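Descriptive analysis of the structure
Here are the chains, one letter per residue:
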Amino acid sequence: MYSVVPEIMRCGPYPCPPAYPPVYPPAYPPAFPVQAIGCALQEIEFWSEIERQHTVALRVLVPTLDEPTANELARLEGEYADIGARARILREGWCTYGTIDPVVGELGMLVNRSMAANTRLIELLATIAQANPENAAVQLLAAHFTSETRYYQRTLEQIGGMLYPGMAPGMPPAMGPGIMPGFPPGMPPTG
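Keep in mind that what you see is a predicted model, and the values were worked out from it rather than measured. (Residues numbered from 1 in each chain as written. Predicted model: local features only at pLDDT ≥ 70, side-chain atom pairs only at ≥ 80, totals over all residues. Heavy atoms only, no water.)

**Details of the overall build of the protein chain**
Counting secondary structure elements, the protein chain contains four helices and two strands. Secondary structure elements of the protein chain occur, N-terminal to C-terminal, as β-β-α-α-α-α. Per-residue burial over the protein chain gives 43% buried out of 191 residues. Intrachain contacts of the protein chain at a sequence separation of at least 6 include 68% that bridge at least 24 residues. With the model as given, the accessible surface of the protein chain reaches about 9700 Å², and the carbon-plus-sulfur share is 61%. (Helix = DSSP H or I, 4+ residues; strand = E, 2+ residues; numbered from the N terminus. Buried < 20%, exposed > 50% of the residue type's maximum accessible area, 1.4 Å probe, protein only. Contact = heavy atoms within 4.5 Å. Areas by Shrake-Rupley, 256 points an atom, 1.4 Å probe, with all protein chains shown as cover.)

Listed below in structure tokens is the structure:
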């Protein structure tokens, strides 16, 4: 095993206390970018907030939303808020674990949850656009939000590929809690 922690590892803008043990990657390749975990969590935190704002904007700005669509957007708002909050908690304190195993597992679950929420949001955006063919503002919002959500999806695929090198682009979300499909046995998180 080898240490990948510099003298003072940073937790967000603050250095971790030196009393924490060094971080050792588990069964990952020697080139596993442990420092990229913080960046991945920042991306998830940032994009979850953007997507949360999209759900609010759609509910406020699209006058023709039916009740089930508005309710589903409200549910997604809560899902994105929860994902972002969890990413922030992990980012602010991930070095306190003493190992990256729990963080990698949680990061994988956040990737899965985000991919599922994004897939559902893209479906809703298509439905909203189809229901409002004459409303140029709704068409613009739907196109813009879809473009940003697809960008977030590609970002999540990159994070998933970093965590699990066997992950293929465009892979569907997890088939079970915390399990990303297509990986060698024992490699994905299962918690």
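**Looking at the environment of alanine 40**
Relative to the assigned elements, alanine 40 resides in helix α1 (residues 36-61). Taking the relative accessible area as the measure of exposure, alanine 40 reaches 4% and is therefore buried. In this structure the C-alpha to C-alpha distance between alanine 40 and threonine 155, which are 115 residues apart in sequence, comes to 8.8 Å. Apart from the residues lying within four places of it in its own chain, the contact partners of alanine 40 are Leu107, Ile159 and Met162.

**Overview of the confidence of the model for the protein chain**
Within the protein chain, residue pLDDT values average 75, and 63% of them lie at 70 or more. Under a pLDDT of 50 for its full length, residues 1-32 has, in the predicted model, 55 contacts with residues more than four places off or in other chains. Counted against residues more than four places away or in other chains, residues 172-191, with its pLDDT under 50, gives 43 contacts. (pLDDT = per-residue confidence, 0-100.)

**Focus on the pattern of salt bridges**
Scanning all chains against the criterion turns up 11 salt bridges. Residue glutamate 49 pairs with arginine 52 through a salt bridge whose shortest N-O separation is 2.9 Å. One end of the pair is glutamate 49 and the other is arginine 52, both in helix α1 and three residues apart, which spans about a single turn. Measuring nitrogen to oxygen at the nearest pair gives 2.9 Å for the salt bridge that ties glutamate 72 to arginine 75. In this pair, glutamate 72 and arginine 75 both sit in helix α2 (residues 67-93), three residues apart, roughly one turn of the helix. Classification of glutamate 72 by relative accessible area gives buried; the value is 17%. (Salt bridge = Lys/Arg side-chain N within 4 Å of Asp/Glu carboxyl O.)

**Comments concerning the nonpolar core**
Within soluble globular proteins, side chains that are nonpolar tend to cluster in buried spots. Membership of the largest hydrophobic core comes to 37 residues, with the highest contact counts inside it found for Leu41, Ile44, Leu58 and Leu107. Broken down by element, this core gets its largest block of residues, 12 residues, from helix α3 (residues 101-131). Non-local contacts of leucine 58, meaning those with residues more than four positions away in its chain, are made with Leu65, Leu73, Leu121, Leu125, Ile128 and Phe145. (Core = buried A, V, L, I, M, F, W, Y, C linked by side-chain atoms within 4.5 Å.)

**Quick look at the packing of α1 against α2**
Relative to each other, α1 and α2 sit at 160°, their axes nearing to 8 Å. Judged on the interaxial angle alone, α2 and α1 are roughly antiparallel. Here the hand of the crossing between α1 and α2 comes out left-handed. Looking at side-chain class alone, the contact of α1 with α2 contains 13 nonpolar, five polar and seven charged residues. (Axes fitted to C-alpha atoms, helices over the stretch in contact; angles between N-to-C directions. Parallel < 35°, antiparallel > 145°, perpendicular 65-115°, else oblique. Left-handed = near helix turned anticlockwise from the far one by under 90°. Nonpolar A, V, L, I, M, F, W, Y, C, P; charged D, E, K, R; others polar.)

**A closer look at the packing of aromatic side chains**
Taken as a whole, this structure holds three aromatic pairs when the rule is applied. Considering the side-chain rings of tryptophan 47 and tyrosine 151, the 5.4 Å spacing of their centres and the 45° angle between planes classify their relative orientation as tilted. Placement of tryptophan 47 in helix α1 and of tyrosine 151 in helix α4 (residues 136-163) is noted, with a sequence separation of 104 residues between them. Take tryptophan 47: its relative accessible area is 10%, and that puts it in the buried class. Here the aromatic residues Phe46, Trp47, Tyr151 and Tyr152 are joined through ring pairs into a cluster of three or more. (Phe/Tyr/Trp six-rings, centres within 6.5 Å; stacked < 30°, edge-to-face > 60°.)

**A short note on the side chain of asparagine 118**
Residue placement: asparagine 118 occurs in helix α3. Within the structure, the side chain of asparagine 118 is placed 2.5 Å from the side chain of tyrosine 80, a separation counted as a polar contact. Leaving out residues up to four positions away in the same chain, asparagine 118 has contacts with Glu51, Tyr80, Thr149, Tyr152, Gln153 and Leu156. (Polar contact = N/O pair within 3.5 Å; in protein donor to acceptor, adjacent residues only side chain to side chain.)

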